[in-house]
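Survey of secondary and tertiary structure
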Amino acid sequence: MAMDDQQSKVQRLYDACDAVFSSGNKAGLPTLTQIRWLQDLLDGMEARDVGIDAGSGSERSSSSSSEDDDRSPPGRRSLSAQAFTRITYVHIHECDDFSIGVFCFPAGATLPLHDHPQMVVLSKLLYGSMRVKSYDWATAPPPCSGPRKSGLARVVAVDEVREAPCKASVLFPRSGGNIHSLTAVTPCALLDVLAPPYAEELGRPSTYFSGIPVPSLPGFAVLEEADLPDDFRVAGAPYVGPELTVDMDTIFRYN
Ligand SMILES: [Fe+2]
């Protein structure tokens, strides 16, 4: 294990997530102190800390579709923000307890309204600006699986614009805007920690919704499960940032 002062920021983030969210330590939701710790770590991070070049691209860079080049020293390459022509997910880590990754958006792209069942999600906007619309379920418990998920939701944010640099945000299973849509105003990237990750077989599917305003109830909407547009697809790109040393106990549990 590297000494503390040699650790990359993404390694510190991973270690903190492992301490807060791994099964052995988990006793329900994380504490406010733990959330602030993770937010502080995220607030200290920039695109280059996860191998993304947000600038004009003077560094050596590769497009989102290029192959990994094993001859390059780790952490020396970067993905160019300009190469993301559709929403692209850069997967950094996933285990049973949490996942870390970056959603990179070209200008104008929208991640449609979707939920995060039973999850805590911390998000740091690394560059650019995005518009956020979000809701929380108004009923307890939130609607669960039926033929089509639907329910009354309270509006949390209407077209709130977030512009980097800004503080990391957090949403919870029942508050903070658990159901949201994200639209890129400019090219932007969102570093996301999901705890736990989506897992359909464990009752945590990813569901997309359409929102229908309720004229008699200002500030509320009915959310109905919706199909994704046929042409909607999130691309994948390899993570080329600093190498991560992961908790082997977690790996053995995961496999
Ligand atoms: Fe989301």
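Rules behind the numbers
Residues numbered from 1 in each chain as written. Predicted model: local features only at pLDDT ≥ 70, side-chain atom pairs only at ≥ 80, totals over all residues. Heavy atoms only, no water. Helix = DSSP H or I, 4+ residues; strand = E, 2+ residues; numbered from the N terminus. Buried < 20%, exposed > 50% of the residue type's maximum accessible area, 1.4 Å probe, protein only. Contact = heavy atoms within 4.5 Å. Areas by Shrake-Rupley, 256 points an atom, 1.4 Å probe, with all protein chains shown as cover. Pairing = 2+ DSSP bridges. Axes fitted to C-alpha atoms, helices over the stretch in contact; angles between N-to-C directions. Phe/Tyr/Trp six-rings, centres within 6.5 Å; stacked < 30°, edge-to-face > 60°. Donors = N, O, S within 2.8 Å, 3.2 Å for Na, K, Ca; no water. Expected span 1.5 Å × (residues − 1). pLDDT = per-residue confidence, 0-100.

Okay, the overall build of the protein next. When helices and strands are tallied, the protein shows three helices and 15 strands. Among the 255 residues that make up the protein, the fraction classed as buried is 45%. Long-range pairs, those at least 24 residues apart, make up 75% of the contacts in the protein between residues at least 6 apart in sequence. Accessible surface computed for the protein: about 13000 Å², of which carbon and sulfur atoms make up 51%.

Strand order in this open sheet of six strands is S6-S11-S8-S9-S14-S13, and the pairing throughout is antiparallel. Because the sheet does not close on itself, it has two edges, and the strands there are strand S6 (110-114) and strand S13 (209-213). The sheet shows a mean angle of 30° between the axes of neighbouring strands, taken without regard to direction. Pairing of S6 with strand S11 (residues 179-184) involves three bridges; the strand directions are antiparallel.

Evaluation of the coordinates by the stated rule reveals five aromatic pairs. Measuring from ring centre to ring centre gives 5.5 Å for tryptophan 137 and phenylalanine 209, while their planes differ by 75°; the resulting arrangement is edge-to-face. You can see tryptophan 137 sitting in strand S8 (residues 129-137) and its partner phenylalanine 209 sitting in strand S13, a full 72 residues away along the chain. Three or more aromatic residues link up through ring pairs in this structure, and these residues are Tyr14, Phe21 and Phe98.

Coordination sphere of the iron ion, protein contribution only: His114 (NE2), His116 (NE2) and His180 (NE2), at 2.1 to 2.2 Å. Sequence positions of the residues that donate to the iron ion give the spacing H-x1-H-x63-H. Of the two residues, histidine 114 is situated in strand S6 and histidine 180 in strand S11; the sequence distance between them amounts to 66 residues. For the pair histidine 114 and histidine 180, a shared accessibility class is recorded, and that class is buried.

It is worth spelling out helix H2 (residues 32-43) at this point. For an α-helix, the turn length of 3.6 residues means that residues three or four places apart are oriented alike. Between the first and last C-alpha of H2 there are 16 Å, a value that for twelve residues agrees with the 16 Å anticipated at 1.5 Å per step. Contacts made by the buried residues of H2 are with helix H1 (9-21), strand S7 (120-127), strand S10 (169-171) and strand S12 (188-195).

With that out of the way, let us pick up the confidence of the model for the protein. Per-chain confidence: the protein averages 88 in pLDDT, with 84% of residues scoring 70 or above. Predicted confidence is poor over residues 57-73, with pLDDT under 50, and the contacts of this stretch with residues over four places away or in other chains come to 29 contacts.

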